[in-house]
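Each chain, letter by letter, is given below.
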Amino acid sequence: MSPNSVVVTIEKPNNFSLVELNGSDSSSTLFPERQKGVSPKQFTWFIFLKANRAFVCLSWLATAGKTMFVSAKKRIALLDVEEEPKSREKLYRVIKAFLVISIVALVIEVVAHIKKWNLNLIQPWEVQGLVQWSYMACLSFRLDYVAPLVIALSKFCVVLFLIQSLDRLVLCLGCFWIKYKNLKPKIDGEASDNEDSSTFPKVLVQIPMCNEREVFAQSIGAASQLDWPKDRILIQVLDDSDDRNLQDLIKDEVLAWQEKGVNIIYRHRLIRTGYKAGNLKSAMGCEYVKDYEFVAIFDADFQPNSDFLKRTVPHFKGNPELGLVQARWTFVNRDENLLTRLQNINLCFHFEVEQQVNGVYLNFFGFNGTAGVWRIKTLEESGGWLERTTVEDMDIAVRAHLNGWKFIFLNDVKVLCELPESYEAYKKQQHRWHSGPMQLFRLCLPAIITSKISIWKKANLIFLFFLLRKLILPFYSFTLFCIILPLTMFIPEAELPLWVICYVPIFMSFLNILPSPKSFPFLVPYLLFENTMSVTKFNAMVSGLFQLGNAYEWVVTKKTGRSSESDLVAFAERESSNIHRRHSESGLEFLSKLKEEEKVPVKKKRNRIYRKELVLAFLLLTASARSLLSAHGVHFYFLLFQGLSFLVMGLDLIGEQMS
């Protein structure tokens, strides 16, 4: 019995005497048989066990802290301030102004907290000193003028947030229904059992590239091993590189595959205009293209399996309205670092949910620019490749949809590629991906309105495809979580409820991670990462919408040339015959050429500072300090960790550094 037991003695039916026993002595006296002693040996082992666990935990924390400190110290030592165009400076100045205002407000709030001022308890004639009068004036101005504006803007953003969340939920439900009913495009049995090679359609394979030194050999090798009759396929290597040595290397690679009997040609433009769209447009202008029925496009870092064409092209047979077959991407370096893991979550949701649902229910989605097969007739009737935006893939997809062509997405056909491993490369990629759609929306809106497609398809294009997913998403994400939320810490009247900053975002992040279940440990980092990237996406969206100076910026995403195990085996086999790449040079000459290339000094990798991210980090951390004064709880933790995530991004402490 425990030391605080109660003994009840019944003297009479209606009378009770209660004796409360406190202390271990009484208990041991009453129940000596239940008292158990603990031996010194057992107690010593218990202490040793606890000490060992504490030591292991402290050792792990110390090792992790040391690793992070060394990494941060190394990167900060190589800092390089990001050079921003003038058009981007405006957003930086606005954020900096908010930071200055929040710091001043925090100082005033700290003074008020220390002196325990309360506006409700102070009468005008009781004001003591200029500081207290300033505090009261700030509170009155905030209550009468600032709070109503912030409340109205926050409500507007919350409505947009709920609409976008509902759209995401509907997409997930559509994906679940597809899985439940096993809905997916089927290949006609006659198309898949074709054994006569002369009846195979002629396919053109295009590999556009520009200064892709690290990955050109992988993509050319993978395309050259596609399982398709050799007389029914032609591979075009469309090189826009401006490095003469790299051009020679690519020519050597093409020549090596030509000697193996592959129908492959090398093509280099003299006038390099229009980026990738200009490259593809120039290649489609060749006279021999008219002999081909389909064209498959692979970017320089994509490595299709040998059965890619046999799993995609047969879908066109017996389906004359089909214009595009799009395959899914999979990533060779998705587990390389935290940045690639978080990107993998986003892209898995994009393909598994967005592309698949739109393909099944609407027969339309945005072409991903690579790993797809087009009917050449579709490209020609839709106006071909245009150089008017930085998203030529989305441009041709929208124009083809307006002309009545249908698309198919194959979720089970996967093409290996590479994710950007540095934050710098990822930022530039995301800027292009979010600026281009706004450029395209401005250009395509009149054509969408006057097109002959149904009103439902027009509404889907305008309100869902462009406005909701390309404009509203980056707008509310940046405005609500990076600007309004920290400001509400200084404007209690506009404070956001917990379900806006915690419950709904976590639930939506949970839905995003469902297509990649192994990423569940990264649920919270993913939520913080998406909010952190909102500043880049918002800036890109504004640049594209208003056609600012950097709207048409195109930077080729830097690759590292990561390879899978099968790629390494194929590379070893190919290198054994590289000695005979050119008829005009001996093996010794080729080896000496490789050695000279190895002697090229490697540029020292430098870390970068991203000023907008740093200013937002200090803004959020300032707001978290104000939240701590008010004991907001969840608001404080969200602002703290979101501020730290911006700090990590601003100091370029995520991902790898690129020279």
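A quick note: this is a predicted structure, and the numbers were derived from the prediction, not measured.

Once that is clear, we can look at the sheet that holds strand 6 (residues 294-297). What the seven strands build is an open sheet, ordered 5-4-3-6-8-7-9; its pairing is mixed. The sheet terminates laterally at strand 5 (264-268) and strand 9 (406-417), the two strands that pair on one side only. The average angle at which neighbouring strand axes cross in this sheet is 20 degrees, direction not considered.

This part covers the packing of helix 14 (residues 455-488) against helix 15 (residues 498-513). Close contact between helix 14 and helix 15 brings their axes to 12 Å; oriented N to C, the two are set at 160 degrees. Judged by the angle between their axes, helix 14 and helix 15 are roughly antiparallel. For the crossing formed where helix 14 meets helix 15, the hand is left-handed. Counting all contacts with helix 14, which are made through Leu480, Phe481 and Leu485, the residues of helix 15 involved are Val500, Ile501 and Pro505. Looking at the contact of helix 14 with helix 15 residue by residue, the classes come out as six nonpolar, no polar and no charged.

This part takes up the pattern of salt bridges. A full pass over the atoms with the stated rule returns 20 salt bridges. As a salt-bridge pair, Asp243 and Arg213 come within 2.9 Å of each other at their nearest N and O atoms. Here Arg213 lies in the loop between strand 3 (203-209) and helix 6 (216-224) and Asp243 lies in the loop between strand 4 (233-239) and helix 7 (244-259), a separation of 30 residues in the sequence. Looking at Arg213, the relative accessible area reads 36%, which means it is partly exposed. The residue Arg311 makes a salt bridge to Asp412 at a minimum N-O spacing of 3.8 Å. In this pair, Arg311 sits in helix 9 (residues 308-312) while Asp412 sits in strand 9, placing the two residues 101 residues apart along the sequence. For Arg311, a relative accessible area of 30% corresponds to the partly exposed category.

Right, let's get into the packing of helix 19 (residues 611-630) against helix 20 (residues 634-650). Relative orientation of the contacting elements helix 19 and helix 20 amounts to 160 degrees, with a least axis distance of 8 Å. When the axes of helix 19 and helix 20 are compared, the pair comes out roughly antiparallel. Helix 20 is crossed by helix 19, and the crossing has left-handed handedness. Contacts between helix 19 and helix 20 involve Glu613, Leu614, Leu616, Ala617, Leu620, Leu621, Ala623, Ser624, Ser627 and Leu628 on the former and, on the latter, His635, Phe636, Leu639, Leu640, Gln642, Gly643, Leu644, Phe646, Leu647, Met649 and Gly650. Classifying every residue of the contact of helix 19 with helix 20 by side-chain character gives 14 nonpolar, six polar and one charged.

This brings us to the pairing of strand 8 (residues 372-375). Here strand 8 shows two buried faces, one formed by Gly372 and Trp374 and the other by Val373 and Arg375. Note that strand 6 and strand 8 share four bridges and pair antiparallel. The partner of Val295 across the bridge, within strand 8, is Trp374. Of the pairings in the sheet, the one linking strand 7 (residues 322-331) to strand 8 comprises three bridges and is antiparallel in character. Bridge pairing in strand 8 places Gln326 opposite Gly372.

Let's shift gears to the environment of Phe331. Within the secondary structure, Phe331 is located in strand 7. When neighbours within four sequence positions are excluded, Phe331 is seen to be in contact with Asn344, Leu347, Leu416, Cys417 and Leu419.

Summarising the model, the protein shows a mean pLDDT of 83, and 78% of its residues fall at 70 or more. Scored below 50 in pLDDT, residues 1-13 shows 27 contacts in the model against residues more than four places distant or in partner chains.

Our focus in this paragraph is the environment of Ser516. Here Ser516 lies in the loop between helix 15 and helix 16 (523-545). Classification of Ser516 as buried rests on a relative accessible area of 7%. Distance from Ser516 to Ile345, taken between C-alpha atoms, is 6.2 Å for residues 171 residues apart in sequence. Ignoring anything within four residues of it in the chain, the contact list for Ser516 reads Asn344, Ile345 and Cys348.

Turning next to unusual backbone geometry. The residue Asn211 is not glycine, and still its phi comes out positive at about 55 degrees. Note on placement: Asn211 falls in the loop between strand 3 and helix 6. Assessed through its relative accessible area of 33%, Asn211 is described here as partly exposed. For Tyr275, which is not a glycine, the phi torsion comes out positive at approximately 55 degrees. Within the secondary structure, Tyr275 sits in helix 8 (residues 275-284).

Next up on the list: the UniProt feature "transmembrane region" (unreviewed entry) in the protein. UniProt tags residues 94-114, 145-163, 461-490, 496-514 and 613-629 as "transmembrane region" (unreviewed entry). Annotation note: span residues 94-114, helix share 100%, strand share 0%, distance between end C-alpha atoms 31 Å. Split by type, residues 496-514 is 84% helix and 0% strand. Its first and last C-alpha atoms lie 27 Å apart.

Conventions and cut-offs
- Residues numbered from 1 in each chain as written.
- Predicted model: local features only at pLDDT ≥ 70, side-chain atom pairs only at ≥ 80, totals over all residues.
- Heavy atoms only, no water.
- Pairing = 2+ DSSP bridges.
- Helix = DSSP H or I, 4+ residues; strand = E, 2+ residues; numbered from the N terminus.
- Axes fitted to C-alpha atoms, helices over the stretch in contact; angles between N-to-C directions.
- Parallel < 35°, antiparallel > 145°, perpendicular 65-115°, else oblique.
- Left-handed = near helix turned anticlockwise from the far one by under 90°.
- Contact = heavy atoms within 4.5 Å.
- Nonpolar A, V, L, I, M, F, W, Y, C, P; charged D, E, K, R; others polar.
- Salt bridge = Lys/Arg side-chain N within 4 Å of Asp/Glu carboxyl O.
- Buried < 20%, exposed > 50% of the residue type's maximum accessible area, 1.4 Å probe, protein only.
- pLDDT = per-residue confidence, 0-100.
- UniProt positions renumbered as here; feature names shortened; annotations may be inferred.

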